[in-house]
Amino acid sequence: MPDRIEAGTLLCVVASSGGKVNLQKANPEHLVSIIHKLEDSGCTIETGKDWIHLEAPKRLTNIEIKTMPYPGFPTDMQSVLAGMLTTAKGTSIVIENIFENRYKYVNELRKMGAKMTVEGKICVIKGTRKLYGAKVNATDLRGGACLVLAGVIAKGKTEISNAKYILRGYENLDKKLNSLGAKIELKEI
């Protein structure tokens, strides 16, 4: 079975960079809530039995996300989508209803220029035009994936420490993103 979180992450990276992609071997039925949020943010999406085509606008628009048990919006995609929204037009709201302490990545994104505030289970994201490369720290798997996304769209070089968290949940993420035009170099861990 295809990994819906990996597929969703790839879609969000492409959406945040204003690109387009044909994602093969992905089951759109497992990604319905993610696809809807990407469409709400301005992406055009077509699907087939085992593929997804996404075309992003130059700049995404603000949305609201509420994590819920399946088939609702997955908590494992919350940080990645929040990272995507750091450069969207307007103010986006993320409400984490599943896990506490899911916002550890926010302080790291702030180092890159993100305008985010957290109060309890709510994160408010005021979209900015650009993120800037910085030295950041992955504190968990999904927050680390969010930092990879931010690094891909940031101006300048981003260095992520504790990449081990990211690597345990994504197979060859660096190679997959590089094949889409990113410039990621994985150093020895």
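Look up a bit, the structure's there.
Because the structure is a prediction, the values reported are computed rather than measured.

**A short note on the overall build of the protein**
At step 1: Helix and strand counts for the protein come out as 7 helices and 9 strands.
At step 2: A compact globule built from 189 residues should have a C-alpha radius of gyration of about 16 Å, and the protein, at 15 Å, falls within 12% of that.
At step 3: Based on the C-alpha atoms only, the size of the protein along its principal axes is roughly 40 × 35 × 30 Å.
At step 4: Residues classed as buried in the protein amount to 47% of the 189 residues present.
At step 5: The long-range fraction of contacts in the protein, counting pairs at least 24 apart against all pairs at least 6 apart in sequence, stands at 64%.
At step 6: With an accessible surface of roughly 9,800 Å², the protein has 49% of that area assigned to carbon and sulfur atoms.
At step 7: Separation between the mean location of the 28 positive side-chain charges and that of the 20 negative ones in the protein comes to 7 Å.

**Observations regarding the sheet that holds strand β3 (residues 51–55)**
Where strands meet in a sheet, backbone hydrogen bonds hold them as pairs that are either parallel or antiparallel.
At step 1: Taken together, 3 strands build an open sheet; the order of strands is β1-β3-β2 and the sheet is antiparallel. Here the strands that pair on one side only, and so sit at the sheet edges, are β1 (20–24) and β2 (44–47). Across the sheet, the mean angle separating the axes of adjacent strands is 10° when strand polarity is ignored.
At step 2: Here β1 runs beside β3; their pairing, made up of 5 bridges, is antiparallel. When the sheet's bridge partners are listed, Lys20 is paired in β3 with Glu55.
At step 3: Here helix α1 (residues 4–16) sits on the sheet in contact with β1 and β3, set at roughly 170° to β1.
At step 4: Where helix α2 (residues 32–40) meets the sheet, it contacts β2 and β3, and its direction lies at approximately 150° from that of β2.

**Points about the pairing of β2**
Regular strands place their side chains on alternate faces of the sheet.
At step 1: Pairing geometry for β2 and β3, over 4 bridges, is antiparallel. Bridge assignment links Thr44 to a residue of β3, and that residue is Glu55.
At step 2: Hairpin connection of β2 to β3: 3 residues between the antiparallel strands.

**Focus: the layout of surface pockets**
At step 1: If you add up the space inside the largest pocket, you get close to 920 Å³.
At step 2: Around the largest pocket sit 32 residues that line it, and Thr158, Ile160, Lys183, Ile184 and Glu185 are the ones nearest its centre.
At step 3: Contributions of two or more residues to the lining of the largest pocket are made by α1, α5 (141–153), β9 (159–161), α6 (164–167) and α7 (173–179).
At step 4: Looking at side-chain class alone, the lining of the largest pocket contains 15 nonpolar, 8 polar and 9 charged residues.
At step 5: Taken as a whole, the second largest pocket encloses approximately 290 Å³ of empty space.
At step 6: Considering the residues around the second largest pocket, the lining is formed by 14 residues, among which Glu6, Leu10, Leu23, Gln24 and Lys176 are closest to the centre.
At step 7: Counting residues per element, the ones that place at least two in the lining of the second largest pocket are α1, β1 and α7.

**Points about the sheet that holds strand β4 (residues 64–66)**
At step 1: One open sheet holds the 4 strands; their spatial order is β4-β5-β7-β6, and the pairing between them is mixed. Each of the sheet's edge strands pairs with one partner strand only, and the pair in question is β4 and β6 (115–119). Looking at each pair of strands side by side, their axes are set apart by 10° on average, direction ignored.
At step 2: Contacts from helix α3 (residues 75–85) reach β4, β5 (91–95), β6 and β7 (122–126), with the element oriented near 170° to β5.

Rules behind the numbers
- Residues numbered from 1 in each chain as written.
- Predicted model: local features only at pLDDT ≥ 70, side-chain atom pairs only at ≥ 80, totals over all residues.
- Heavy atoms only, no water.
- Helix = DSSP H or I, 4+ residues; strand = E, 2+ residues; numbered from the N terminus.
- Rg over C-alpha atoms; globule rule 2.2 N^0.38 Å.
- Buried < 20%, exposed > 50% of the residue type's maximum accessible area, 1.4 Å probe, protein only.
- Contact = heavy atoms within 4.5 Å.
- Areas by Shrake-Rupley, 256 points an atom, 1.4 Å probe, with all protein chains shown as cover.
- Lys, Arg positive; Asp, Glu negative; His and termini not counted.
- Charge placed at Lys NZ, Arg CZ, Asp CG, Glu CD.
- Pairing = 2+ DSSP bridges.
- Axes fitted to C-alpha atoms, helices over the stretch in contact; angles between N-to-C directions.
- 1 Å grid on protein atoms, 1.4 Å probe; cavity = no way out; pocket = protein on both sides within 12 Å on 5 of 7 lines; lining within 4 Å.
- Points joined across faces, edges and corners; volume = space filled by probe spheres on them.
- Nonpolar A, V, L, I, M, F, W, Y, C, P; charged D, E, K, R; others polar.

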